[in-house]
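Understanding the architecture of this molecule
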Amino acid sequence: MTRATNTSIRNIAIIAHVDHGKTTLVDALFRQCGSLSNLSQMMQQERVMDNLDLERERGITIAAKNCSVEYQGIKINIIDTPGHADFGGEVERALTMADGAILLVDAAEGPLPQTRFVLEKALQAGLTMMVIINKIDRRDARPEEVLDEIYGLFIDLGAHDAQIDFPVYYAIGRDGIVRRSLEGTETDLSALFAGIIEHVPPPQYDTEEPFQMLVCNIGYSDYTGRLAIGRVFHGTVRKNDRLVCMTKGGAIVPLTVTTLQVYDGTRIINVDQAVPGEIVVLAGANDVTIGDTICHAERPKALPRVRVDEPTVAMQFMGNSSPLAGREGAWVQTRRIFERLQKEALFNVAIEVDTVCQGDRFSVKGRGEFQLAVIIETMRREGYELCVGRPQILFHQEEGIQKEPIEHLVIDCEECYTGVITEKLALRKGRMVNMRPFGTGRVRLEFSIPTRGLIGYRSEFLTDTKGNGIMSAFVEGYEPHRGPIVSRTTGSLVADRAGSAVPYALFNLEPRGRLFVVPGDPVYEGMVIGEHTRDNDLNVNPTKEKKLTNMRAAGRDENVILTPVLSLTLEQAIEFIKDDELVEVTPKSIRLRKMHLDPFERKTRARSA
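As a starting point, this report considers the structure included with it. (Residues numbered from 1 in each chain as written. Predicted model: local features only at pLDDT ≥ 70, side-chain atom pairs only at ≥ 80, totals over all residues. Heavy atoms only, no water.)

1. A look at the sheet that holds strand 7 (residues 168-172)
Judged by pairing direction, the sheet is mixed, and its seven strands sit side by side in the order 3-4-2-5-6-7-8 without closing on themselves. Sheet topology places strand 3 (65-71) and strand 8 (177-179) at the edges, where each strand pairs with a single neighbour. Neighbouring strand axes in the sheet, compared pairwise and without regard to direction, differ in orientation by 30 degrees on average. Of the strand pairs in this sheet, strand 7 and strand 8 are connected by three bridges, and their pairing is antiparallel. Note on strand 8: the bridge partner recorded for I172 is I177. (Pairing = 2+ DSSP bridges. Helix = DSSP H or I, 4+ residues; strand = E, 2+ residues; numbered from the N terminus. Axes fitted to C-alpha atoms, helices over the stretch in contact; angles between N-to-C directions.)

2. Some remarks on helix 9 (residues 369-381)
The first and last C-alpha atoms of helix 9 sit 18 Å apart over 13 residues, in line with the 18 Å expected at 1.5 Å per residue. Within helix 9, 11 of the 13 residues are buried, which leaves it mostly tucked inside the rest of the structure. When we look at burial in helix 9, the residues that qualify are E369, F370, Q371, L372, A373, V374, I375, I376, E377, M379 and R380. Looking one or two places after helix 9, you find G383, whose phi comes out positive at around 100 degrees. (Expected span 1.5 Å × (residues − 1). Buried < 20%, exposed > 50% of the residue type's maximum accessible area, 1.4 Å probe, protein only.)

3. Focus: the side chain of T490
Here T490 lies in the loop between strand 29 (470-480) and strand 30 (492-495). By relative accessible area, which is 14% here, T490 ends up buried. At a separation of 2.6 Å, a polar atom in the side chain of T490 contacts the side chain of E531. Ignoring any residue separated from it by four or fewer positions in sequence, one finds T490 in contact with E531, H532, T533, R534, D535 and K578. (Polar contact = N/O pair within 3.5 Å; in protein donor to acceptor, adjacent residues only side chain to side chain. Contact = heavy atoms within 4.5 Å.)

4. Digging into the pairing of strand 30
Burial along strand 30 is two-sided: S492 and V494 facing one way and L493 and A495 facing the other are all buried. Here three bridges tie strand 30 to strand 34 (residues 527-532), and the two strands are oriented antiparallel to one another. In the strand pairing of strand 34, V494 is matched with V528. As paired strands, strand 30 and strand 35 (residues 538-540) are joined by three bridges and run parallel to one another. Considered in strand 35, the bridge of A495 is made with V540.

5. Some remarks on the sheet that holds strand 15 (residues 259-264)
Read across the sheet, eight strands follow the order 14-13-19-10-11-18-15-16 without closing on themselves; strand pairing throughout is antiparallel. Every interior strand has two partners, whereas the edge strands, strand 14 (252-256) and strand 16 (267-270), have only one. Taken pair by pair, the neighbouring strands of this sheet meet at an average axis angle of 40 degrees, ignoring direction. The pairing of strand 10 (residues 212-221) with strand 19 (residues 293-296) spans three bridges and is classified as antiparallel.

6. Section: the pattern of salt bridges
Evaluation of the coordinates by the stated rule reveals 36 salt bridges. The partner of R231 in a salt bridge is D99, with the nearest N and O atoms 3.0 Å apart. Residue R231 is found in strand 11 (residues 225-234), and its partner D99 is found in the loop between helix 3 (88-95) and strand 5 (100-106); the two are separated by 132 residues along the sequence. Of the two residues, R231 and D99, both sit in the buried class. Residues E531 and R514 are paired through a salt bridge, measuring 3.0 Å at the closest nitrogen-oxygen approach. (Salt bridge = Lys/Arg side-chain N within 4 Å of Asp/Glu carboxyl O.)

7. Digging into the environment of C216
With respect to the helices, strands and loops of the structure, C216 is situated in strand 10. C216 gets classed as buried once you look at its relative accessible area, which sits at 0%. With 133 residues separating them in the primary sequence, C216 and V349 have C-alpha atoms 9.5 Å apart. With residues near it in sequence (within four places) discarded, C216 still touches R93, T96, M97, I229, G230 and I290.

Below is the structure:
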């Protein structure tokens, strides 16, 4: 074995908790390297890497993406990763392409649950670490304390001495400033570029090994078909080379490199060859999947596959079977939905789709209900109509003991809300493990709570804290089942006939509970139109009109004023439904319905249960 290094390349991932400034920092890297000069005016905006519609709307990174900048003749490949634990599969596959990682931490909030999650993955991958404490210009910034917390986090995660001996930088990412110390006077990112070149090791490779590339992502081009995106670990690849793809099942599939590309800024450009350590985009492998190895046919040798954590949540998917099916979307058949989800599983290594449909439905497994909600939202924008059930937790059986996923929950809120939060989480089998002051009048609470205890709690939490609380969590392991949890104590108002909602009927139903429909909305038998104030379901008639009489009214008693209705978002609808209810999702509407529309069938099943 003869080891060598490619000193002209650095591969680095940027990892952080949600909203700690990863993508904003990448924007600054582009601007100061001139990488945005060749982009169109449309791309010269904030958060260039967040190019998906959902990412821009929600202000978070959902998919890991690659880009590159050049500094003093050295190409720096940058991998921008998500900060939400539900998209942890994106982090795990992206880190396989990097030799180092920049951990970005907010100078006020400090390390949070997703900070711990992404850092743990980086340490397990053996990456060289750099730490940037961002947003030091905040009025509530506490960089010295945050640095101590970061050291404690590294120690808790079992980092070795070389990883703990990380360089520390201080940044104002929005202004494109990184300093070597808090007292520094730097006004640009030169210190960060120099630190990357100095501390991140260049890619190493074996000169005696043939070409080997690990596929870490999949793309698609209308001109060249499926694209394999990954890192070249050994050897050199050229356009028109005849290679093979080693699949998960051990099959060897021949392929020809029809197009070879590398990253230049946010673009990809054609090249004739790629050297070890480079991140390439290769066309010609039509059957490739994430984790496959592309290599020479003479000496086929597979690299270790991309490993991801197991799913913790499953949801039932099915075609839209309501009386309103097909009115707003283009695709309603279960087969079409199944094919679309199988395609999603090719790009997203963290989800699993059952290969066998259970009648008219099938199960999709993922890291959390938020990840699955993003997939559903993407599908509805593509014209799909579907129904989804309540998220179900995936339990483990170990030595005859049923174990469930347990999450570490961190809450930042005002002190006056501590009592109601503790009371609500105790009902959901949560246990407080830490409590400490966090700024003036605020407190940070840490809980150990089952994953199923958090389903449906987020909206309740925002109501209890009047929108001033912040919560985040990550799965920390499995523990024995903690017992039953009462998820929802209210029933549903269920329409007993089809028609259109009428103001007179809705006005008389308002004392019964909170409504989800407005006058003119179409309803059908079995559709959930509101939340009942009591614990039972109530069949109601939202289409009832006032009978006409020949009596004249002296006042305005004919006019009804309804309470404004706040439409449910997709996440709120998924959290609200019970086990016998579904969310009907179309490109234009989100409705709630009973799994069985016929009231007599619901009664029969309830008795048998």
